[in-house]
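What the coordinates show
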Amino acid sequence: MLGITDFWTYVLGVVAIILLPGPNSIFVLSVGAQRGIRAGYQAAAGVFLGDTVLMVLSATGVASLLSAYPPLFLVLKYAGAAYLGWVGINIIRGAWAKWRNRAETAPATIEEPPAELQRPFRRAAVISLLNPKAILFFLSFFIQFVEPGYAHPALSFLVLGSVVQFFSVLYLSALIFGGRYLAGQFQRRRRLATGAATAVGALFVGFGIKLATASVG
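Residues numbered from 1 in each chain as written. Predicted model: local features only at pLDDT ≥ 70, side-chain atom pairs only at ≥ 80, totals over all residues. Heavy atoms only, no water.

Observations regarding the overall build of the protein chain
Within the protein chain, the regular secondary structure consists of 9 helices and 0 strands. Its helices and strands taken in sequence order, the protein chain reads α-α-α-α-α-α-α-α-α from the N to the C terminus. Split into buried and exposed, the 217 residues of the protein chain put 42% on the buried side. Put simply, of all contacts in the protein chain between residues at least 6 apart along the chain, 85% involve residues at least 24 apart. Summed over all atoms, the accessible surface of the protein chain reaches about 11600 Å², with 68% contributed by carbon and sulfur. (Helix = DSSP H or I, 4+ residues; strand = E, 2+ residues; numbered from the N terminus. Buried < 20%, exposed > 50% of the residue type's maximum accessible area, 1.4 Å probe, protein only. Contact = heavy atoms within 4.5 Å. Areas by Shrake-Rupley, 256 points an atom, 1.4 Å probe, with all protein chains shown as cover.)

Section: the nonpolar core
Core analysis: the biggest nonpolar cluster contains 42 residues, and Tyr10, Leu172 and Phe204 have the highest contact counts within it. Listed by contribution, the elements that provide at least two residues to this core are α1 (7-19), α2 (23-35), α3 (37-60), α5 (70-100), α6 (120-129), α7 (132-140), α8 (153-188) and α9 (190-213). By residue number, the principal contributor to this core is α8, which donates 9 residues. The residues contacting Tyr10, other than those within four sequence positions of it, are Phe141, Phe142, Phe145, Leu160, Gly161, Val163 and Val164. (Core = buried A, V, L, I, M, F, W, Y, C linked by side-chain atoms within 4.5 Å.)

Describing the environment of Phe7
Note on placement: Phe7 falls in helix α1. For the pair Phe7 and Val146, spaced 139 residues apart in sequence, the C-alpha separation works out to 9.5 Å.

A closer look at the confidence of the model for the protein chain
When the pLDDT values of the protein chain are averaged, the result is 76; 71% of them are 70 or greater. Taken together, the stretch residues 105-110 has pLDDT below 50 and engages in 2 contacts with residues farther than four places along the chain or on a different chain. (pLDDT = per-residue confidence, 0-100.)

Quick notes on the packing of α3 against α6
How two helices sit against one another is set out by the angle between their axes and by the gap between those axes. Viewed as axis vectors pointing N to C, α3 and α6 meet at an angle of 35 degrees, and their least axial separation amounts to 7 Å. Regarding α3 and α6, the two cross each other, and that crossing is right-handed. Contact residues: Ala39, Gln42, Ala43, Ala45, Gly46, Val47, Leu49, Gly50, Asp51, Val53 and Leu54 in α3; Pro120, Phe121, Ala124, Ala125, Ser128 and Leu129 in α6. A breakdown of the residues in the contact of α3 with α6 according to their chemical character gives 12 nonpolar, 4 polar and 1 charged. (Axes fitted to C-alpha atoms, helices over the stretch in contact; angles between N-to-C directions. Left-handed = near helix turned anticlockwise from the far one by under 90°. Nonpolar A, V, L, I, M, F, W, Y, C, P; charged D, E, K, R; others polar.)

A few points about a nonpolar patch on the surface
Together, Leu49, Val53, Leu57, Phe121 and Leu129 give the surface a local cluster of nonpolar side chains, amounting to about 360 Å² of exposed area. When residues in the nonpolar patch are grouped by element, the largest group, 3 residues, is from α3. With respect to the helices, strands and loops of the structure, Leu49 is situated in helix α3. When its relative accessible area of 40% is taken as the criterion, Leu49 is described as partly exposed. (Patch = residues over 30% accessible without salt bridge, like charges linked within 9 Å, V, L, I, M, F, W, Y side chains within 5 Å. Salt bridge = Lys/Arg side-chain N within 4 Å of Asp/Glu carboxyl O.)

Things to note about the packing of aromatic side chains
In this structure the tally under the stated criterion is 4 aromatic pairs. Residues Phe7 and Trp8 carry aromatic rings whose centres are separated by 5.0 Å and whose planes lie at 75 degrees to one another, so their mutual orientation is edge-to-face. Both rings, one in Phe166 and one in Phe167, keep their centres 5.2 Å apart while their planes meet at 75 degrees; by these two values the pair is edge-to-face. On the basis of relative accessibility, which here comes to 49%, the residue Phe166 falls in the partly exposed class. (Phe/Tyr/Trp six-rings, centres within 6.5 Å; stacked < 30°, edge-to-face > 60°.)

Digging into unusual backbone geometry
Trans is the common state for peptide bonds, and a negative phi is the common state for residues other than glycine. A positive phi angle, close to 50 degrees, is found at Asp6, a residue other than glycine. Within the secondary structure, Asp6 sits in the segment before α1. For Asp6, a relative accessible area of 54% corresponds to the exposed category.

As for the UniProt feature "transmembrane region" (unreviewed entry) in the protein chain
With numbering aligned to this structure, UniProt lists the feature "transmembrane region" (unreviewed entry) at residues 7-31, 43-66, 72-92, 124-143, 155-179 and 191-212. In the segment residues 7-31, helix accounts for 88% and strand for 0%; the C-alpha atoms at its two ends are 33 Å apart. Secondary structure across residues 155-179 comprises 100% helix and 0% strand; the distance between its end C-alpha atoms is 36 Å. (UniProt positions renumbered as here; feature names shortened; annotations may be inferred.)

Side note on the side chain of Asp51
Considering the arrangement of structural elements, one finds Asp51 in helix α3. Classification of Asp51 as buried rests on a relative accessible area of 8%. Not counting the four nearest positions on each side in its chain, Asp51 is found in contact with Asn24, Ser128, Phe138, Gln165 and Ser168.

Structure (structure tokens):
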């Protein structure tokens, strides 16, 4: 069908991979919880853009350079790990700074969002583009379902990419609206908000460490 082999196997694989927690989904959830639905969708749009760029690179064969030149992958891997760790550390610092200053904040004051959750579109796009696991997904899984020798491979990649984005929209939308529920809990419980933000920051640091220590092969 349209040059795609084992379409339903691909769909099941995409769903399983999307549901796995990762820096993209955690970031969108955090933005949705702390900044609202509009900002959450701005972050989701950044993820969609990053994934689209990676899909185009995979479809055009540019991403295959990473497998042909392992040092190039190492540079990208450590850059992505460092960025995720930096995001995580700053989220933790911001959460604890807000906790220490809680007595000085007037109840009616509208708090400015943490620096790491500002400009959600741009930050989400960078997180997506520097995520080696996403690159490996599009390099080793995404391209395997295009039938060799099909006359119109661009059409096959378009269909496969649309499947990824469709399930991403559903999943990230659920996270964004779930984040709004969490926001109500956070507003009533500052200790819960600080703990949750610290956990999110720790997750980003953990993602960074995991990526930095992951095997290239």
